[in-house]
Amino acid sequence: MPGRSVIITSAAKGVGAACARRFAAAGDRLVLADTDEETGQALAKELSAAGAEAVFVHADVANRLHVHNIIAEALETYGRIDVLAHTGMMHFSAPFFETSEEDFDRVVAANIRGAFLIDQAVAKHFVKQAENETQPTPPGVIVNIGSVEAVTAAADHVAFAASQGGLHQLTKAIALALSPHDVRVNAVGVGAIKGDIAGDAESRRLRDVTPLKRIGDPEEVAEVVFFLASDAASYITGQTLYVDGGRLAQIEPATKKEDDED
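Analysis parameters
- Residues numbered from 1 in each chain as written.
- Predicted model: local features only at pLDDT ≥ 70, side-chain atom pairs only at ≥ 80, totals over all residues.
- Heavy atoms only, no water.
- Helix = DSSP H or I, 4+ residues; strand = E, 2+ residues; numbered from the N terminus.
- Rg over C-alpha atoms; globule rule 2.2 N^0.38 Å.
- Buried < 20%, exposed > 50% of the residue type's maximum accessible area, 1.4 Å probe, protein only.
- Contact = heavy atoms within 4.5 Å.
- Areas by Shrake-Rupley, 256 points an atom, 1.4 Å probe, with all protein chains shown as cover.
- Pairing = 2+ DSSP bridges.
- Axes fitted to C-alpha atoms, helices over the stretch in contact; angles between N-to-C directions.
- Salt bridge = Lys/Arg side-chain N within 4 Å of Asp/Glu carboxyl O.
- Expected span 1.5 Å × (residues − 1).
- Right-handed = clockwise from strand over helix to strand, strands pointing away.
- Patch = residues over 30% accessible without salt bridge, like charges linked within 9 Å, V, L, I, M, F, W, Y side chains within 5 Å.

Participant: I'm lost on the overall build of the protein in this one. Help?
Facilitator: Scanning the protein for helices and strands turns up eight helices and seven strands. What you see for the protein is a C-alpha radius of gyration of 19 Å, in line with the 18 Å of a compact globule of 262 residues. Seen along its three principal axes, the alpha-carbon backbone of the protein occupies a region of about 65 × 40 × 40 Å. Counting across all 262 residues of the protein, residues that qualify as buried make up 45%. Contacts spanning at least 24 positions in sequence make up 70% of the contacts within the protein whose residues lie at least 6 apart. Of the roughly 13,200 Å² of accessible surface on the protein, 54% is carried by carbon and sulfur atoms.

Participant: Sorry, what's going on with the sheet that holds strand β2 (residues 29–34) here?
Facilitator: Sheet strands pair by backbone hydrogen bonding; their relative direction is either parallel or antiparallel. Pairing within the open sheet is parallel, and its seven strands lie in the order β3-β2-β1-β4-β5-β6-β7. Only two strands of the sheet have a single neighbouring strand rather than two, namely β3 (53–58) and β7 (240–243). Strand-to-strand twist of the sheet, defined as the mean angle between neighbouring strand axes without regard to direction, takes the value 20°. On top of the sheet, helix α1 (residues 14–25) reaches β1 (5–9), β2, β4 (83–86) and β5 (141–147); it is set at about 165° to β1, its chief contact. Where helix α2 (residues 37–49) meets the sheet, its contacts fall on β2 and β3, and the angle it forms with β3 comes to roughly 170°.

Participant: Is there a simple way to think about the environment of Gln164 in this case?
Facilitator: With respect to the element layout, Gln164 can be found in helix α5 (residues 158–178). Since its relative accessible area comes to 0%, Gln164 is described here as buried. Spatially, the C-alpha atoms of Gln164 and Phe23 are 25 Å apart, while their sequence positions differ by 141 residues. Apart from residues lying up to four places away in sequence, Gln164 is in contact with Met89, Asn111, Gly146, Ser147, Glu149 and Ala150.

Participant: What should I look at first to understand the pattern of salt bridges in this one?
Facilitator: Side chains bearing opposite charge may pair, as long as their charged atoms lie close to each other. Tallying each qualifying case throughout the model produces nine salt bridges. One salt bridge in this structure joins Asp82 and Arg80, with 2.8 Å as the shortest N-O distance. As far as burial versus exposure is concerned, Asp82 and Arg80 are alike and both buried. Linking Glu220 and Arg214 is a salt bridge whose minimum nitrogen-to-oxygen distance equals 2.7 Å. Taking relative accessible area as the criterion, Glu220 reaches 30% and is therefore assigned partly exposed.

Participant: It is not clear to me how α2 should be interpreted in this structure. Could you clarify?
Facilitator: Each turn of an α-helix holds 3.6 residues, which means side chains three or four residues apart point in the same direction. With 13 residues, α2 extends 18 Å from end C-alpha to end C-alpha; this agrees with the ideal 18 Å at 1.5 Å per step. For α2, the secondary structure elements touched by its buried residues are α1, β2 and β3. Once α2 ends, the next one or two residues include Gly51, with phi positive near 105°.

Participant: I would appreciate a short explanation of the pairing of β2 in the present structure.
Facilitator: Across a regular strand the side chains alternate sides, sitting on one face of the sheet and then on the other. A large share of β2 lies buried, amounting to six of its six residues. Taken together, the five bridges between β1 and β2 define a ladder with parallel strand orientation. Each bridged residue has a counterpart across the sheet, and for Ile8 the counterpart in β2 is Leu32. Crossover β1 to β2 through α1 is right-handed. For β2 and β3, the ladder comprises six bridges, and the chain directions are parallel.

Participant: What is the right way to look at a nonpolar patch on the surface in this model?
Facilitator: Together, Phe96, Phe97, Phe104 and Val158 make up a nonpolar patch on the protein surface, roughly 440 Å² of accessible area in all. When you line up the elements, Phe104 lands in helix α4 (residues 101–132).

Limitation: the analysis is restricted to geometry and does not speak to function.
Below, the structure written as structure tokens:
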């Protein structure tokens, strides 16, 4: 029996690529979408060479036509869609007074509009697919990737933090809208993850404020995404699971000075 048909956005590297490898290892069939065509095509070839079924689509999910192309590719290649892992997230940092209207619009478009468009398009197909099937099949699943900054904030992350709060509320609302169709929608909120951090100084700072005292691996996030997309999570919807090394559990971050005193 063929594996599930899984769409993974921002799949070329980082968490998206880790998700692609995790789903491929389970025998699922993949549609990889990203704006980085060269790296995305290379990943699809890598997975195919290892025996997986994977195709690549050059697409920006903030563009409705590109979203249509992703859906069309999944249906043409595999005939159905079972899972969406939307891993796209644009990071942006600038002082509040230096954040332009264009900056804000760009971040919101990437992080909220993009999630809305791809989630809505896939959800419509889930509903249509269920109506047209002669035999019952497992309902569709959507997993969105976001950040701990849906809860926390930084002074120079105004646009990014706002977009993350919006993404997690969007996930809740979509989960409620799709619950009559048994479609589950959840999010994964990530802390400091390898590949997303610029420079050694920033990496050291994030390790210092993380209780587990390390930076997370993309594969650790991919395992949680895979869990939420599995039957093991069949009674979970409208939730955000945080993969953050304990950052949201603490009242105040552990400081390097405190560590030295110990």
